[in-house]
Amino acid sequence: MEIQSQEDQRGRGLIFIISAPSGTGKTTLVKRVMELLHGLRFSVSYTTRPPRTGEQEGVDYHFISPDAFREMIEKEQFLEWAEVLGHCYGTARVDIEALKSEGVDLILDIDTQGAKKAKEKLDHAVLIFLLPPSIDALEERLKGRGLDSLERIQFRLAHAKRDIEESHWYHHIIVNERIEEAVEKLKALILTERCRKEMNHGKSDSGRLLEKCGKPV
Ligand code: ADP
Ligand code: 5GP
């Protein structure tokens, strides 16, 4: 029993890519799940957008200038990058072997363009699309967040509809109606992926248990 729970809390070098229309609740959801599960790391993206109130350098994003962003593109330092709603966003290259040996899984909160590029490079990545319960609910959340003008909210909503059309090529869809339910679903999904045999170097939990008991497998 103890071995099982320790195993659940250890990452396998998995990559979870989460996309959603802005305002759906990605940030809220990811933060909640990271408080509940060990062995998860958030991939801190680079962006040219200015920080919002409360956002911290190196925690929410690495906030850099357009020149510094261009330099990173030229030096091929990004796994993927894209222009989203007028700003540039990019994910630094990922060292899967290092993640595996550290026992962590990585969560990428990136848009649909970036997810498509990352999917081509990371064939085992698990793609999750978070949907709002309705466009009206999304509008309410964007208004409730209090970050945008009404004009900007309409721009985000138009963009949201295009994003949702991309959801069909994701592996999983979670509807964020009640946050507690969405948290449970994402948590369950991560734990399930951690049980996948091929993600455990070809060894099942039973194989690793036998190894721990000193039995050859
Ligand atoms: P995103 O990161 O997708 O842009 P946020 O996590 O910033 O979205 O959430 C947008 C707003 O919606 C925030 O004010 C947040 O508290 C709220 N929110 C998130 N999930 C829910 C939910 N299930 N029900 C109601 N409000 C929510
Ligand atoms: P926000 O500015 O609201 O934090 O994010 C705007 C959008 O940019 C969201 O859809 C978010 O998922 C996306 N985003 C954040 N980081 C990255 C990244 O590194 N790459 C890509 N392609 N999109 C990103």
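The rules behind these values
- Residues numbered from 1 in each chain as written.
- Chains lettered and ligands numbered in written order.
- Predicted model: local features only at pLDDT ≥ 70, side-chain atom pairs only at ≥ 80, totals over all residues.
- Heavy atoms only, no water.
- Near = heavy atom within 4 Å.
- Polar contact = N/O pair within 3.5 Å; in protein donor to acceptor, adjacent residues only side chain to side chain.
- Areas by Shrake-Rupley, 256 points an atom, 1.4 Å probe, with all protein chains shown as cover.
- Helix = DSSP H or I, 4+ residues; strand = E, 2+ residues; numbered from the N terminus.
- Nonpolar A, V, L, I, M, F, W, Y, C, P; charged D, E, K, R; others polar.
- Domains from an automatic or database assignment.
- Core = buried A, V, L, I, M, F, W, Y, C linked by side-chain atoms within 4.5 Å.
- Buried < 20%, exposed > 50% of the residue type's maximum accessible area, 1.4 Å probe, protein only.
- Contact = heavy atoms within 4.5 Å.
- Salt bridge = Lys/Arg side-chain N within 4 Å of Asp/Glu carboxyl O.
- Phe/Tyr/Trp six-rings, centres within 6.5 Å; stacked < 30°, edge-to-face > 60°.
- Lys NZ or Arg CZ within 6 Å of the ring centre and 35° of its normal.

### What about the site of ligand 2?
Neighbouring residues of ligand 2: 15 residues in total, closest S45, R49, Y61, Y89 and D109. Between an oxygen atom of ligand 2 and a main-chain N or O atom of G90, the distance comes to 3.2 Å. Within the complex, the protein chains bury 93% of what would otherwise be the 510 Å² of accessible surface of ligand 2. Those elements that place two or more of their residues in the shell around ligand 2 are β5 (78-84) and β6 (87-92). Considered class by class, the residues forming the shell around ligand 2 number 5 nonpolar, 4 polar and 6 charged. Viewed by domain, the shell around ligand 2 spans two of them, domain 1 (15-43 + 105-213) and domain 2 (44-93), each represented by three or more residues.

### A short note on the nonpolar core
Formed by 20 residues in total, the largest nonpolar core has its most connected members in F16, L29, V33, I128, L186 and I190. If you list the elements that add at least two residues to this core, you get β1 (15-19), α2 (26-36), β8 (126-131) and α8 (179-195). By residue number, the principal contributor to this core is α8, which donates 6 residues. Those residues in contact with I128 that sit more than four places away from it in its chain are F16, I17, I18, S19, Y170, H172, I174, L186 and L189. Listed in part, the 17 residues of the second largest apolar core include I15, L106, F129 and L131.

### Points about the pattern of salt bridges
Applying the stated criterion to the full structure yields 16 salt bridges. The residue D60 makes a salt bridge to K31 at a minimum N-O spacing of 3.8 Å. Separated by 29 residues along the polypeptide, D60 in the loop between β3 (45-47) and β4 (61-63) and K31 in helix α2 bring together distant segments of the chain. What emerges from the salt-bridge pattern is a single network uniting R32, R178, E180 and E181.

### Focus: the site of ligand 1
Surrounding ligand 1, one finds 14 residues, the nearest of these being G23, T27, T28, R145 and N176. Between an oxygen atom of ligand 1 and a main-chain N or O atom of K26, the distance comes to 2.9 Å. T27 is positioned such that a nitrogen or oxygen atom in its side chain is 2.4 Å from an oxygen atom of ligand 1. When isolated, ligand 1 has an accessible area of 560 Å², and the protein chains bury 73% of it. Mapped by element, the contributors of at least two residues to the shell around ligand 1 are α2 and α6 (135-145). Looking at the shell around ligand 1, the element that brings in the most residues is α2, giving 3 residues. Counted by class, the shell around ligand 1 contains 2 nonpolar, 7 polar and 5 charged residues.

### Regarding the packing of aromatic side chains
Counting across every chain of the model gives 7 aromatic pairs. Between the aromatic rings of F69 and W81, the centroid separation amounts to 6.0 Å while the plane-to-plane angle is 75°, which identifies the pairing as edge-to-face. Residue F69 is located in helix α3 (residues 66-74), and its partner W81 is located in strand β5; the two are separated by 12 residues in the primary sequence. Residue F69 is classed as buried on the basis of its relative accessible area, which comes to 2%. Judged by its relative accessible area of 33%, W81 falls in the partly exposed class. An aromatic cluster is present here, built from Y46, F69, F78 and W81 joined pairwise through their rings. Geometry around W81 places K117 over its ring, the cationic atom sitting 5.7 Å from the centre.

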